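Summary of structural features
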Amino acid sequence: MKTIYKKKGFWIILVLVLAFAYLAFGGSGEPIEDELIEEEEESEPFVVMPDNPVKMTGETISVYNWGDYIDSEVIDVFEAETGIKVIYETFETNEDMYAKIAMGGSSYDVIIPSDYMIERMIQEELLQPINWNNVPNVKNIDPRFTHESYDPDFAYSVPYTWGTMGLLYNTQTVLEAPDSWDILLDEEYKMDLFMLNAPRDTMAIALVMAGHDLNSITPSDLADAKKLLIDQKPLVLAYVVDEVKDKMIAGEASVALVWSGDATFCMSESDELNYVVPKEGSNIFYDSMCIPHNARNVSGAEKFIDFMCRADVAAANYDYVGYAIPNTAAIELWGAEEYNASPVNNPPQETLDKCQVFKYLGDDTRLYDQIWTEIISEF
């Protein structure tokens, strides 16, 4: 197992300790009877260091992932250990990723879609089965996260992260903790709300707010969701994706519809922010590593997936992305007690019972796309 180090250097700590000792004894060997002020020790991020670095081989793999969804240092370590250069690109939504893969103009070796999109891509034969003999670290994945409905045979995907969708709010301006999606329609927060610029996700929450199933394809239900979002538009400051983190940390709005991992990051940067999954229910999602049908370097892709499943790598990556992970070995290495104490990473069962996984909607997906285009075009 690789060693995990702290980012702050050992020598800095040593110098501080020696300096403190010198001051405590006044430089004379006699202790000074002053009251010591204890400061809360901040937890430091993990870093995984490469073992046995090798020269670059000229081999490459192309990885297509969500924006801000991997620690770049993890990629550096993979390259150092394997000699394989990672060509890394990002997308903002599942739909953007799907369009690029389906058109066939681009070739990627590893992609990280969400559950319903994996289901769609399996049906359309856009993914290829993974050879588990080449991914031994899959043993670290909690069996609870395998054989899910979107990949029931556990043949095409390796769980990467999971999470929920909820409300991130500023406790200084939202004085009473919200427990309902209704706050997204509250005139008090006019031009003080951020919504996700992601059609499936935002439409799902609108369906829940209208009292419907978040996977509904019933025309009248979709009409209700559309009307709700159009009526809400005067309250919305902006439709955002990755940029929501910096904006909420900077205090640019009071409330935002976010994914739980982004909430974790924001809360680590600002004590004024908090997260809740509303009582009406929400979406629980799983993002997984897959190999597209037209991958050019399948062997390299399997090496990358296996590397990402390694306990030390997954722990270091979790420290950066903030999304809950299905890797039990990584959780133990990172610190299971602290990890499980987070209500964002480990929501109570009563909350999870009210959450649903997105299903692939087949041709009815076009209804969502059409409605979303009409909503955004009027913004």
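Worth saying up front: this structure is predicted, and the values here are computed from it rather than measured. (Residues numbered from 1 in each chain as written. Predicted model: local features only at pLDDT ≥ 70, side-chain atom pairs only at ≥ 80, totals over all residues. Heavy atoms only, no water.)

**Section: the packing of helix α3 (residues 94-103) against helix α4 (residues 115-123)**
- At a minimum axis separation of 10 Å, α3 and α4 run at an interaxial angle of 20°. The orientation of α3 with respect to α4, classified from their angle, is roughly parallel. Two packed elements cross with a definite hand, and for α3 against α4 that hand is right-handed. Residues Asn94, Glu95, Met97, Tyr98 and Ile101 of α3 form the contact with α4, whose participating residues are Tyr116, Met117, Arg120 and Met121.
- Taken together, the residues that form the contact of α3 with α4 break down as six nonpolar, one polar and two charged. (Axes fitted to C-alpha atoms, helices over the stretch in contact; angles between N-to-C directions. Helix = DSSP H or I, 4+ residues; strand = E, 2+ residues; numbered from the N terminus. Parallel < 35°, antiparallel > 145°, perpendicular 65-115°, else oblique. Left-handed = near helix turned anticlockwise from the far one by under 90°. Contact = heavy atoms within 4.5 Å. Nonpolar A, V, L, I, M, F, W, Y, C, P; charged D, E, K, R; others polar.)

**Digging into the packing of helix α6 (residues 219-232) against helix α14 (residues 365-377)**
- Where α6 contacts α14, the two axes come as close as 10 Å, and the packing angle between them is 20°. Considering their axes alone, α6 and α14 lie roughly parallel with respect to each other. Crossing geometry of α6 relative to α14 is assigned as right-handed. Only Leu367, Tyr368, Ile371, Trp372, Glu374 and Ile375 of α14 make contact with α6, whose side of the interface consists of Leu222, Lys226, Leu229 and Ile230.
- The residue makeup of the contact of α6 with α14, split by class, is eight nonpolar, no polar and two charged.

**Quick look at the pattern of salt bridges**
- Evaluation of the coordinates by the stated rule reveals 13 salt bridges.
- Put simply, Glu124 and Arg120 hold a salt bridge, and the shortest N to O gap is 3.1 Å.
- The class for Glu124 is partly exposed, based on a relative accessible area of 31%.
- For Arg120, a relative accessible area of 16% translates into the label buried.
- As a salt-bridge pair, Lys247 and Glu252 come within 3.5 Å of each other at their nearest N and O atoms.
- On the basis of relative accessibility, which here comes to 25%, the residue Lys247 falls in the partly exposed class.
- Accessibility expressed as a relative area gives 40% for Glu252, which makes it partly exposed.
- Among the ionic contacts, a cluster of salt bridges with common partners joins Asp68, Lys245 and Asp262. (Salt bridge = Lys/Arg side-chain N within 4 Å of Asp/Glu carboxyl O. Buried < 20%, exposed > 50% of the residue type's maximum accessible area, 1.4 Å probe, protein only.)

**Re the packing of aromatic side chains**
- All chains considered together, the criterion is met by 18 aromatic pairs.
- Residues Trp66 and Phe91 carry aromatic rings whose centres are separated by 5.0 Å and whose planes lie at 55° to one another, so their mutual orientation is tilted. Of this pair, Trp66 sits in strand β3 (residues 60-66) while Phe91 is found in strand β4 (residues 85-91), placing the two residues 25 residues apart along the sequence.
- For the pair Tyr239 and Trp372, a centre-to-centre distance of 5.8 Å together with 90° between the ring planes defines the contact as edge-to-face. Taken together, the residues Tyr239 in strand β8 (residues 236-240) and Trp372 in helix α14 connect sequence positions 133 residues apart. Trp372 carries the same exposure label as Tyr239, and that label is buried.
- Following the ring pairs from residue to residue traces out a cluster consisting of Tyr64, Trp66, Phe91, Tyr108 and Trp259. (Phe/Tyr/Trp six-rings, centres within 6.5 Å; stacked < 30°, edge-to-face > 60°.)

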